[in-house]
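Listed below are the residues making up each chain.
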Amino acid sequence: MKNIVLIGFMGVGKGSVAREIVQQSDLVALDTDDIIESMENRSIKKIFAQEGEEYFRILERKVAQWLQKEVRGTLISTGGGFFKVPNLKKIGTVVYLSAPFETIHSRILAHPDAEKKLRKRPLFQDIEKAIKLYDERSAHYKKVADVVIDVSNKELADIAKEILKKVK
Ligand code: S3P
């Protein structure tokens, strides 16, 4: 079976959706940001601060090569910029989780740990810059996706069901 690759903007809920899919299926999940943090033994925030964004993007491309070569039948959640790796489509079926920026922002703010959620995301420090990035990326996410799922105003359980139905 092909991998399922979840892409979408920071805070749209890729991790939450992945955990729900895991509960509803026999799939095992992994997350590209988690792999990078574990390879580096430091947080994404630290990697950005100490090495800069380009270094992080190189690690994303390295992980992408490994996923294509070695990983099968797995649910893969990704960082918001992972969709740019050149071999994305060779990793698996690409599912774009889509929602308006305001929905994403409110979702983060509604979280009990909202401050931490924002702090750990270097590219979400300045709201104006985050909106600009969202606007720049939206069309690209759609373009690379095999499946687009609008996640706004939907229960996690229903989003997971919809994805499983569409990729099987
Ligand atoms: C990024 C998104 C982050 C993380 C890094 C860069 C981006 O992941 O990979 O901070 O470029 O959008 P989340 O989408 O899980 O926040």
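Everything numeric here is computed off the predicted structure, so don't read it as measured data. (Residues numbered from 1 in each chain as written. Predicted model: local features only at pLDDT ≥ 70, side-chain atom pairs only at ≥ 80, totals over all residues. Heavy atoms only, no water.)

### Quick word on the site of the ligand
Short version of the rule: What makes a residue near a molecule or strand is one non-hydrogen atom of that residue sitting within 4 Å of it. Identification of polar contacts relies on pairs of N or O atoms within 3.5 Å, with a donor-acceptor requirement for protein atoms, meaning one able to donate a hydrogen and the other able to accept it, and with residues adjacent in sequence counted only if both atoms are side-chain atoms. Surface accessibility in these figures is a Shrake-Rupley result with a 1.4 Å probe; residues are shielded only by whichever protein chains are displayed. We place a 1 Å grid over just the protein atoms. Points where a 1.4 Å probe fits but has no way out form a cavity, open points with protein on both sides within 12 Å along at least 5 of 7 lines form a pocket, and any residue with an atom within 4 Å of a point lines it. Whether a molecule lies in a cavity or pocket depends on its atoms, and more than half of them have to be within 2 Å of the grid points. Only DSSP runs of H or I reaching four residues or more are called helices, and only runs of E reaching two or more are called strands; each is numbered from the N terminus. Gly falls in the polar group here, along with every residue not listed as nonpolar (Ala, Val, Leu, Ile, Met, Phe, Trp, Tyr, Cys, Pro) or charged (Asp, Glu, Lys, Arg).
As a matter of local geometry, the ligand sits amid 14 residues, with Lys 14, Asp 33, Arg 57, Arg 121 and Arg 137 nearest to it. Measuring from an oxygen atom of the ligand, one finds a side-chain N or O atom of Arg 121 at 2.5 Å. Out of a free accessible area of 390 Å², the ligand has 94% covered by protein chains. In this structure, the ligand is accommodated by the largest pocket. Those elements giving two or more residues to the shell around the ligand turn out to be α3 (44-51) and α4 (53-70). Of the residues belonging to the shell around the ligand, the class tally is 6 nonpolar, 3 polar and 5 charged.

### Thoughts on a positive patch on the surface
For the record, the criterion: Patches here: salt-bridge-free residues with over 30% relative accessible area, like charges joined within 9 Å, nonpolar side chains (Val, Leu, Ile, Met, Phe, Trp, Tyr) joined within 5 Å. Criterion for a salt bridge: a side-chain nitrogen of Lys or Arg within 4 Å of a carboxyl oxygen of Asp or Glu. Positive: Lys, Arg. Negative: Asp, Glu. His and the chain ends are not part of the count. Charge positions are represented by NZ for Lys, CZ for Arg, CG for Asp and CD for Glu.
On the surface, a cluster of positive charge is contributed by Arg 19, Arg 107, Lys 116 and Lys 120. Relative to the elements of secondary structure, Lys 116 occurs in helix α7 (residues 114-119).

### Quick look at the packing of helix α1 (residues 14-24) against helix α9 (residues 156-167)
How we decide: Whenever a helix is involved, its axis is fitted only over the stretch in contact; in every case the axis is a line through C-alpha atoms, and angles between N-to-C directions fall within 0 to 180 degrees. Here roughly perpendicular refers to angles of 65 to 115 degrees, roughly parallel to angles under 35, roughly antiparallel to angles over 145, and oblique to all remaining angles. Contact criterion: two residues are considered in contact whenever any of their non-hydrogen atoms come within 4.5 Å of each other.
Across the interface, α1 lies against α9 with an axial gap of 9 Å and an inter-helix angle of 70 degrees. The orientation of α1 relative to α9 falls into the category roughly perpendicular. For the pair α1 and α9, contact is made by Ser 16, Val 17, Glu 20, Ile 21 and Gln 24 and by Leu 156, Ala 157, Ile 159, Ala 160, Lys 161, Ile 163 and Leu 164, respectively. Residue classes in the contact of α1 with α9 are distributed as 8 nonpolar, 2 polar and 2 charged.

### Some points on the pattern of salt bridges
Summed over the entire model, instances satisfying the criterion amount to 10 salt bridges. In this structure, the salt-bridge partner of Glu 60 is Arg 57, at a minimum N-O distance of 2.8 Å. Of this pair, Glu 60 and Arg 57 both sit in helix α4, separated by 3 residues, roughly a single helical turn. What emerges from the salt-bridge pattern is a single network uniting Glu 40, Arg 42 and Glu 51.

### Structural notes on the sheet that holds strand β2 (residues 29-31)
The condition is simple: Note on pairing: DSSP must find at least two bridges between two strands before they are called paired.
Spatially, the 5 strands line up as an open sheet ordered β2-β3-β1-β4-β5, and their pairing is parallel. Sheet topology places β2 and β5 (147-150) at the edges, where each strand pairs with a single neighbour. Averaged over all pairs of adjacent strands, the angle between strand axes in this sheet comes to 25 degrees, irrespective of strand direction. Pairing geometry for strand β4 (residues 92-98) and β5, over 4 bridges, is parallel. Of the residues in β5, the one forming a bridge with Ser 98 is Asp 150. Docked against the sheet, helix α8 (residues 127-144) engages β1 (3-7), β4 and β5, running at close to 145 degrees with respect to β4. α9 contacts β1, β4 and β5 of the sheet and is inclined by roughly 165 degrees relative to β5.

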